[in-house]
Amino acid sequence: MVSRTTPGGGGAVAVPGAHPRQRPRLWLLDFYGTAVGKKAVMAITGIVGLGFVLVHMLGNLKIYTGEQHLNDYGEYLREIGSPIIPETGTLWLLRAILIVAVLIHVHAAWSLTQMNRRARPTGYQGPRRFVAADYASRTMRWTGVLLALFIVFHLFDLTWGPANPNFTRGEPYHNLVESLSRGWVAAIYIVANLLLGLHLYHGAWSLFQSLGWNNPRFNLWRRYFAIAFAAVVVAGNLSIPIAIVSGAVD
Amino acid sequence: MTLNLTLKVWRQDGPRDAGRFETYEANAVSEDISFLELLDVVNEDLVAQNREPIAFDHDCREGICGMCGVMINGQPHGPLRGTTTCQLHLRHFKDGDTVVVEPWRAAAFPIIRDLVVNRTAFDRIVMAGGYVTAPTGAAQDANNIPVPKANADLAMDAAACIGCGACVAACPNGAAQLFTSAKVAHLGLLPQGQPERWSRVNAMVQRMEEHFGSCTNHRECEAACPKEISIDFIARLNRDYLKAQFKDRRQLLRATDVASEE
Ligand code: FES
């Protein structure tokens, strides 16, 4: 076996079931190559996602202040930073950050899932009783996959239009009401937001652990934060399909 | 008080055998005996019938060696919090209960026979850095190296780990984060552990990931740990690992070597 006397030695000893890693090249890639590193990256990209869903929800609420206001807000998003930054420049920068964050988040999740499957190729043959792992934490990868599918539908529905029978570019209020007055679409949005809530409930707490943000003074608040964050975002978002279907907004 | 239990025990003749559950009746056993003693009773029956006894690991039978871990009704070390299998008494079961007993399941813990698994992977993590390299000689005078009481207590909490593997067994991902974080923390909290703090965490995390899954913060390990080691140590491990990326001189030196080679 290994007869090394200093910590930090590589030790390329072949052991059955072991997956030795390659020599480092680029530090950041090497860091991302470890699972602890991937989890830190998932936490950071998750924070980007949290920021996005919160702002997105707040923007959505403008539906309650009238058609003009929401459409103006949509227009404003294209003009942030103008005239120093060209039209839609900031918007595309934000979109690029978001897209990259989502892609990395998904890749890390996928590759950690593979690693975890390898770590237990044969599962328990008897029934397993969980005492701490909650429903949200155990369904993260499924809520994640379903949310990704929903996002694709959502883009086709309200950004690009093909999934929306009466789509008019540049008129988000009209498009929103047209789309969500279809009962089944409203149902999809409601279910997707409940899934988002589950994903946020675990993610917004878990990110603190992954980044090592742990302190007895605020540990309890990490859970409160996750609950409040998930509840606020989901409640804000859910109110919209409900308002449209019930006719409170039209 | 005595009780009757039906045991469904995983039997596997060797590492390559497929294995299966076998059912045994344990009748009129005292509620004051431990779970291992229950297995002893069943084994005496089996031996009397000239059948192969159930192989299970044990040593101290007082909750300090970490040998006796098995899954009992889908929970590592059974239903009682902060308790090893050897310290679990039958009074925590009800008369007529069916109890399912199964070995740890993890690629890094191959089954040797029945309920016995090989936990060498844990030793390999410790070999990667779970020690201090300086020869320490005889014990020092007590107050030679000042250690704040709070740090000493926390280091003791981490050092309470008996390496039983319940954290890995409990983890839906088969991750060894709680074990590794405890080993990293009990040295990292003390002055003697400081010189190698950053290279240690790098080396031990790397070794851990060669064998185990990744932590996704289910918290199942903390609930299963017979020593009730907190996942705060996992956060500490993550924080130390992030810092080590900038502070581990050994790794930084290697980085400059690689750069000057090219
Ligand atoms: S036999 Fe030593 S801890 Fe159970």
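On a predicted model such as this, the values are computed, not experimentally measured, just so you know.

## Points about the nonpolar core
In terms of nonpolar packing, the biggest core is built from 98 residues, with Phe35 and Phe212 of chain B touching the most fellow members. Residue contributions to this core peak at eight residues, all from helix α2 (residues 35–60) of chain A. A domain-level breakdown of this core finds at least three residues from each of domain 1 (2–113) and domain 2 (119–259) of chain B. Excluding its chain neighbours within four sequence positions, the residues that come into contact with Phe212 of chain B are Met115 and Ala119 of chain A together with Ala108, Phe109, Ala121, Phe122, Ile125, Val168, Gly174, Ala175 and Ala176 of chain B. Counting 14 residues, the second largest nonpolar core, distinct from the first, contains Leu70, Val177, Val185 and Tyr189 of chain A.

## A closer look at the interface of chain B and chain A
The interface of chain B with chain A comprises 64 residues on the first partner and 59 residues on the second. For the pair chain B and chain A, the two sides together bury roughly 5,100 Å², of which 52% comes from carbon and sulfur. Summed over the shared surface of chain B and chain A, the number is 31 residue pairs in polar contact (both at pLDDT 80 or more). Looking at which element gives the most residues to the side of chain B that touches chain A, the answer is helix α6 (residues 197–211) of chain B, with ten residues. Taken together, the residues of the side of chain B that touches chain A break down into 30 nonpolar, 19 polar and 15 charged.

## Some remarks on the confidence of the model for chain B
The pLDDT averaged across chain B works out to 94; a share of 97% of its residues lies at or above 70. Here the predicted complex scores 0.90 on pTM and 0.90 on ipTM.

## Some details on a nonpolar patch on the surface
All names here are of chain A. On the surface, Ile47, Trp213, Phe218, Leu220, Trp221 and Tyr224 cluster together into a nonpolar patch covering about 640 Å² of accessible area. Element by element, the count of residues in the nonpolar patch is highest for helix α9 (residues 219–245), at three residues. Relative to the helices and strands, Tyr224 resides in helix α9.

## Considering the environment of Arg169 of chain A
All names here are of chain A. Note that Arg169 resides in the loop between α6 (140–159) and α7 (172–180). Arg169 sits in the exposed class, given a relative accessible area of 64%. Separated by 74 residues in sequence, Arg169 and Arg95 place their C-alpha atoms 18 Å apart.

## Here we look at the packing of helix α2 (residues 120–127) of chain B against α6 of chain B
Residues and elements named next belong to chain B. For the pair α2 and α6, the least separation of the axes is 8 Å and the interaxial angle reads 160°. By the angle between their directions, the pair α2 and α6 is classed as roughly antiparallel. The handedness of the crossing between α2 and α6 comes out as right-handed. Residues Ala121, Arg124, Ile125 and Val126 of α2 form the contact with α6, whose own contacting residues are Met204, Arg207, Met208, Glu210 and His211. Residue composition of the contact of α2 with α6, grouped by class: five nonpolar, one polar and three charged.

Cut-offs and rules
Residues numbered from 1 in each chain as written. Chains lettered and ligands numbered in written order. Predicted model: local features only at pLDDT ≥ 70, side-chain atom pairs only at ≥ 80, totals over all residues. Heavy atoms only, no water. Core = buried A, V, L, I, M, F, W, Y, C linked by side-chain atoms within 4.5 Å. Buried < 20%, exposed > 50% of the residue type's maximum accessible area, 1.4 Å probe, protein only. Helix = DSSP H or I, 4+ residues; strand = E, 2+ residues; numbered from the N terminus. Domains from an automatic or database assignment. Contact = heavy atoms within 4.5 Å. Buried area = accessible area lost by both parts, 1.4 Å probe. Polar contact = N/O pair within 3.5 Å; in protein donor to acceptor, adjacent residues only side chain to side chain. Nonpolar A, V, L, I, M, F, W, Y, C, P; charged D, E, K, R; others polar. pLDDT = per-residue confidence, 0-100. Patch = residues over 30% accessible without salt bridge, like charges linked within 9 Å, V, L, I, M, F, W, Y side chains within 5 Å. Areas by Shrake-Rupley, 256 points an atom, 1.4 Å probe, with all protein chains shown as cover. Salt bridge = Lys/Arg side-chain N within 4 Å of Asp/Glu carboxyl O. Axes fitted to C-alpha atoms, helices over the stretch in contact; angles between N-to-C directions. Parallel < 35°, antiparallel > 145°, perpendicular 65-115°, else oblique. Left-handed = near helix turned anticlockwise from the far one by under 90°.

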